[in-house]
Amino acid sequence: MTAPQPLTEQTTPRYRGLENRRPQRPPIPFVPDPDAVEAAGPVFGTADLGPFDADLTRQHPGEPIGERIVVAGRVLDGQGRPVRGQLLELWQANAAGRYVHRGDRHAAPLDPNFTGTGRCLTDDEGWYRFTTIRPGAYPLEECANTWRPAHLHFSVFGTAFTERLVTQMYFPGDPLLAYDPVLHAVPDPAARRSLVAAHDPALDEPKYALGYRRDIVLGSR
């Protein structure tokens with residue numbers, strides 16, 4: 001079997017998800033009230049958040065399997081100002097590289113003590129913080145002998161549901177980064193580097209969890 005080669009701009013395969021997630025029909029105009037779309041969107045508030053929403057390791061009776069990590073950072077606007085009260089959602093695979101989702105057919109075990117979803121609100125300085133488990137790699141069905149590196153998914157809702165941004169976070173030093181067609185679908189090298197978190201000793205919890213920092217800058221590119 002031929003070993004996979006590191007990806008370049010010339011050799012990066014077309015990521016099928018780009019086409020699958022692209023709208024197939026033209027937008028529907030909302031007239032005469034363009035804000036009417038908000039009436040059908042979800043409403044989020046501080047009362048909706050539970051005490052363990054941001055700690056994915058405490059959402060079940062037992063301890064989840066895997067390496068505990070803290071992931072934190074700031075949500076900033078394009079001018080570097082903090083975005084306060086911003087709802088962030090996180091979802092991820094478990095330590096074996098499997099999602100709690102009926103569409104995940106990866107032959108890896110589920111963890112009864114880990115669901116892989118969380119959410120929090122940013123504070124007045126734009127900070128968010130999650131405690132979770134480092135996810136495992138998993139194979140891409142559409143690419144032969146290609147594994148996705150460990151990563152987290154983030155959803156940032158903006159000031160309205162229609163402004164929702166979905167992004168990912170990777171871990172430093174992961175050898176699979178060089179082979180990931182999803183990461184390399186981002187054409188700008190600087191933008192790709194911004195998706196890789198940095199280990200931050202200030203976020204470490206002694207004898208419990210390693211800390212990683214990933215700032216999310218909105219409207220910077």
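You'll find the structure just up there.
Here's what I pulled together on the structure shown here. (Residues numbered from 1 in each chain as written. Predicted model: local features only at pLDDT ≥ 70, side-chain atom pairs only at ≥ 80, totals over all residues. Heavy atoms only, no water.)

**A look at the nonpolar core**
Nonpolar side chains tend to gather and get buried jointly when the protein is soluble and globular. Rules: Nine residue types can take part in a nonpolar core, namely buried Ala, Val, Leu, Ile, Met, Phe, Trp, Tyr and Cys, and a core is a set of them joined through side-chain atoms within 4.5 Å. Exposure classes here rest on a 1.4 Å probe applied to the protein chains alone. A residue is buried below 20% of its type maximum, exposed above 50%, and partly exposed in between. In this description a helix means any DSSP run of H or I spanning at least four residues, a strand means any run of E spanning at least two, and both kinds are numbered starting from the N terminus. A contact between two residues is defined here by any heavy atoms of the two lying within 4.5 Å.
If you look at the biggest cluster of nonpolar residues, it comprises 21 residues, and the most contacted ones within it are Leu-88, Tyr-128, Phe-130 and Phe-154. The set of elements that each furnish at least two residues to this core consists of β1 (68-76), β2 (87-91), β4 (127-133) and β7 (151-156). Those residues within four positions of Phe-130 in sequence are excluded, and the remaining contacts are Asp-53, Ala-54, Leu-56, Ile-69, Val-70, Val-71, Leu-88, Leu-90, Gly-118, Arg-119, Cys-120 and Phe-154. Residues Leu-177, Val-182, Leu-183 and Leu-195 belong to the second largest nonpolar core, which totals five residues.

**Some remarks on the side chain of Asp-180**
Tracing the sequence through the fold places Asp-180 in the loop between β8 (165-170) and α2 (189-194). For Asp-180, a relative accessible area of 0% corresponds to the buried category. Setting aside its immediate chain neighbours within four residues, Asp-180 contacts Leu-7, Arg-148, Pro-149 and Tyr-170.

**Remarks on unusual backbone geometry**
Positive phi, normally seen in glycine, also occurs at Lys-207, with a value near 60°. Within the fold, Lys-207 resides in the loop between β9 (198-199) and β10 (210-213).

Everything listed here is a matter of geometry and, on its own, says nothing about what the molecule does.
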